[in-house]
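If you want the building blocks of each chain, they are given just below.
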Amino acid sequence: METLEIRELRYFTAVAEELHFGRAAERLGMAQPPLSRAIQQLERRLGVRLLERNRRGVSLTGAGEVLLHEGRAALDATTAAARRTRRAGGADGPGGSRDRLVLAVKAADSHELLRKLLDAYAAEPDAAEIEVLPSGMCEQGEMLRDGRADAAIMHAPFNSLAGFDSEELMTEGQIAVLPARHPLAARATLSMADVGDVPGLPLARWPRHGIYPPGPGPEIHDQTQLAHLIALGRTAAVFPDSARAWLWAEHAAVPLTDAPPVVTHIAWPAHSRSLALAGLIRTAV
């Protein structure tokens, strides 16, 4: 056996993520018995056991872990192919005179950098239409993999560039964003230790891959929520220096002397052959 069906991957991934046949069947909108038979048939075809089943529940074998990782990537790739094909086909439809590219960005990204990039690219002959798609803290990579975006503005060390092609656009330092009335706001500089354990002012927590790191700080869902909580004196945050552009009068920005530099990249899928995307990358660089 050298091939897998998309349906089989969808079934297995649901069971592997839920580790429960009943919940997986409900998620897939099907009955449990045919789902169980499909997984058993998949195991027979592959010649390996993917799941351990006992009275305590379901767990993944080593082979199952591999198929879950590979299956997610394969499902993302098929979804991405469909999404990017629809976008490319839009130029062939009624009134569709231009290609369309989706650029994923964080809400806190440098507005000046984005404005310069979009204006410069729009001036290029045969420029594609650019849809700017705001994303969460670490969602850009997932959006590139599943086709929701064609390119993304990403930031090392916060975003992983593994599996993507990329070009560096800028490097900058980091700042602590504090309530303007807090005593630390009057300092000329701060260290990471200075802001890491401030009584009554815990650092905000952003999710990574849907999971919030442990800590006393509030769980942040979007930039507006964070801005309000900082203004109210409930939390602090660490951002690239360009975040000064969105700060309120109730905020203060203090440079951090020992925070690692933030390198902004434009990233895209390594296998892309889009001429419109190549033009956007040339303009960005």
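I will try to describe carefully the structure that is included in this document. (Residues numbered from 1 in each chain as written. Predicted model: local features only at pLDDT ≥ 70, side-chain atom pairs only at ≥ 80, totals over all residues. Heavy atoms only, no water.)

Some thoughts on helix α4 (residues 62-89)
Compared with an ideal rise of 1.5 Å per residue, which puts 28 residues at 40 Å, α4 spans 41 Å between its outermost C-alpha atoms and is within 8% of the ideal. Burial in α4 covers these residues: Gly64, Leu67, Leu68, Gly71, Leu75, Ala80, Arg84 and Arg87. Tucked into the core, α4 has its buried residues touching α1 (6-18), α3 (32-46), β2 (57-60), β3 (100-106), α6 (140-145) and β10 (262-269). (Helix = DSSP H or I, 4+ residues; strand = E, 2+ residues; numbered from the N terminus. Expected span 1.5 Å × (residues − 1). Buried < 20%, exposed > 50% of the residue type's maximum accessible area, 1.4 Å probe, protein only. Contact = heavy atoms within 4.5 Å.)

Side note on the packing of helix α2 (residues 21-28) against α3
The contact between α2 and α3 brings their axes to 9 Å, and the two run at 105 degrees. Classified by the interaxial angle, the pair formed by α2 and α3 is roughly perpendicular. Residues Phe21, Gly22, Ala24, Ala25 and Leu28 of α2 form the contact with α3, whose own contacting residues are Gln32, Leu35, Ser36 and Ile39. Residues belonging to the contact of α2 with α3 are distributed by class as follows: six nonpolar, three polar and no charged. (Axes fitted to C-alpha atoms, helices over the stretch in contact; angles between N-to-C directions. Parallel < 35°, antiparallel > 145°, perpendicular 65-115°, else oblique. Nonpolar A, V, L, I, M, F, W, Y, C, P; charged D, E, K, R; others polar.)

Considerations on the pairing of strand β7 (residues 174-179)
Counting buried residues in β7 gives six out of six residues, a clear majority hidden from the surface. Pairing of β7 with strand β8 (residues 237-240), which is carried by four bridges, proceeds in the antiparallel orientation. In the strand pairing of β8, Ile175 is matched with Phe239. One ladder, built from five bridges, connects β7 with strand β9 (residues 251-255); its direction is antiparallel. Bridge pairing in β9 places Ile175 opposite Pro255. (Pairing = 2+ DSSP bridges.)

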